[in-house]
Amino acid sequence: MMENDNDLTFDMLPPSWTFCFLPECPHAEQCLRHITTRLIPNDKTFGSAVYPTVLKNPKCPYFKAAGKIHAAYGFDTLFENVKSKDEKYLRDSIKDYLGGHGTYYRYRNGEKLLTPEQQQWIINLFRRYGYTENLQFDHYKDVYDLE
């Protein structure tokens, strides 16, 4: 169940958000896709939805846990003590992992937020190069995972 139904609004959902209208699903009350159906305004009559055929699967591929994640953004702190010989490789590796130059800057500036899994991948990259101190991002916030 969501911590507070008031801290998520329909306007926060991405335009491509997929809803689930299947109350018979055993995970409906823990799934953000089902819970967010309560946020749909009366003037919205069309959108992406999970079909009932998904119930034939033992595990729903669209399940999205309703809890918040500890998201991060900004890379300046990570690069504070990096040797110049390693900086380009580390930055290029992160860019490749995140999907390119433009995407990297969206994560750096907080337009996109790093999931805990993405954070761990980046921290592991720094560790492989021998960096063990100050392995943190510039900013953190607790948010629902709406990607």
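About the cut-offs
- Residues numbered from 1 in each chain as written.
- Predicted model: local features only at pLDDT ≥ 70, side-chain atom pairs only at ≥ 80, totals over all residues.
- Heavy atoms only, no water.
- Salt bridge = Lys/Arg side-chain N within 4 Å of Asp/Glu carboxyl O.
- Buried < 20%, exposed > 50% of the residue type's maximum accessible area, 1.4 Å probe, protein only.
- Helix = DSSP H or I, 4+ residues; strand = E, 2+ residues; numbered from the N terminus.
- Expected span 1.5 Å × (residues − 1).
- Contact = heavy atoms within 4.5 Å.
- Arc of directions from axis to C-beta.
- Phe/Tyr/Trp six-rings, centres within 6.5 Å; stacked < 30°, edge-to-face > 60°.
- Lys NZ or Arg CZ within 6 Å of the ring centre and 35° of its normal.
- Axes fitted to C-alpha atoms, helices over the stretch in contact; angles between N-to-C directions.
- Parallel < 35°, antiparallel > 145°, perpendicular 65-115°, else oblique.
- Nonpolar A, V, L, I, M, F, W, Y, C, P; charged D, E, K, R; others polar.
- Left-handed = near helix turned anticlockwise from the far one by under 90°.

**With respect to the pattern of salt bridges**
This structure, assessed with the given rule, holds 6 salt bridges. Glu-29 is paired through a salt bridge with Arg-38; the nearest N and O atoms lie 2.7 Å apart. Note on Glu-29: relative accessible area 32%, which makes it partly exposed. According to the relative accessible area criterion, Arg-38 is partly exposed, its value standing at 46%. Between Asp-145 and Lys-64 there is a salt bridge whose closest N-O contact spans 3.5 Å. In this pair, Asp-145 is assigned in the segment after strand S4 (139-144) and Lys-64 in the loop between strand S2 (48-49) and strand S3 (68-73), connecting sequence segments 81 residues apart. The class of Asp-145 is buried, set by a relative accessible area of 18%.

**Considerations on helix H3 (residues 84-98)**
With 15 residues, H3 should reach 21 Å at 1.5 Å per residue; the first-to-last C-alpha distance of 22 Å fits that figure. Asp-86, Leu-90, Arg-91, Ser-93, Ile-94, Lys-95 and Leu-98 are the residues of H3 that are buried. Turning to H3, the residues buried within the fold contact helix H2 (76-79), helix H4 (101-109) and helix H5 (116-128).

**Points about H4**
What H4 keeps buried is the set Thr-103, Tyr-104 and Tyr-107. Looking straight down H4, one finds that the buried residues subtend no more than 105° of arc, so they occupy a single side. The inward-facing, buried residues of H4 abut S3, H2, H3 and H5. Immediately beyond the C-terminal end of H4, within one or two residues, lies Gly-110, with a positive phi of roughly 85°.

**What to know about the packing of aromatic side chains**
The final tally for this structure, using the stated rule, is 10 aromatic pairs. Look at Phe-19 and Phe-21: their rings are 6.2 Å apart centre to centre, the planes differ by 40°, and that puts the pair in the tilted class. A relative accessible area of 9% means that Phe-19 is categorised as buried. Under the relative-accessibility criterion, Phe-21 is labelled partly exposed at 47%. Cluster of aromatic residues (ring-pair linked, three or more members): Phe-75, Tyr-104, Tyr-105, Phe-137 and Tyr-140. Its end group placed over the ring of Trp-17, Arg-33 keeps NZ or CZ at 4.5 Å from the ring centre.

**Comments concerning the packing of H3 against H4**
Put simply, H3 and H4 touch, their axes get as near as 8 Å, and they point 95° apart. Put simply, H3 runs roughly perpendicular to H4. Between H3 and H4, the contacting residues are Arg-91, Ile-94, Lys-95 and Leu-98 on the first element and His-101, Thr-103, Tyr-104, Tyr-105 and Tyr-107 on the second. Of the residues that constitute the contact of H3 with H4, the class distribution is 5 nonpolar, 2 polar and 2 charged.

**As for the environment of Tyr-107**
Within the fold, Tyr-107 resides in helix H4. Taking relative accessible area as the criterion, Tyr-107 reaches 6% and is therefore assigned buried. Between the alpha carbons of Tyr-107 and Lys-95 there is a distance of 9.9 Å; along the sequence they are 12 residues apart.

**Looking at the packing of H3 against H5**
Packing of H3 against H5 leaves a shortest axis separation of 11 Å and a crossing angle of 155°. When the interaxial angle is binned, H3 and H5 end up roughly antiparallel. The crossing of H3 and H5 is right-handed. Together, Tyr-89, Leu-90, Ser-93, Ile-94, Tyr-97 and Leu-98 of H3 and Glu-117, Gln-118, Trp-121, Ile-122, Leu-125 and Phe-126 of H5 make up the contact between the two elements. Residues that form the contact of H3 with H5 fall into these classes: 9 nonpolar, 2 polar and 1 charged.

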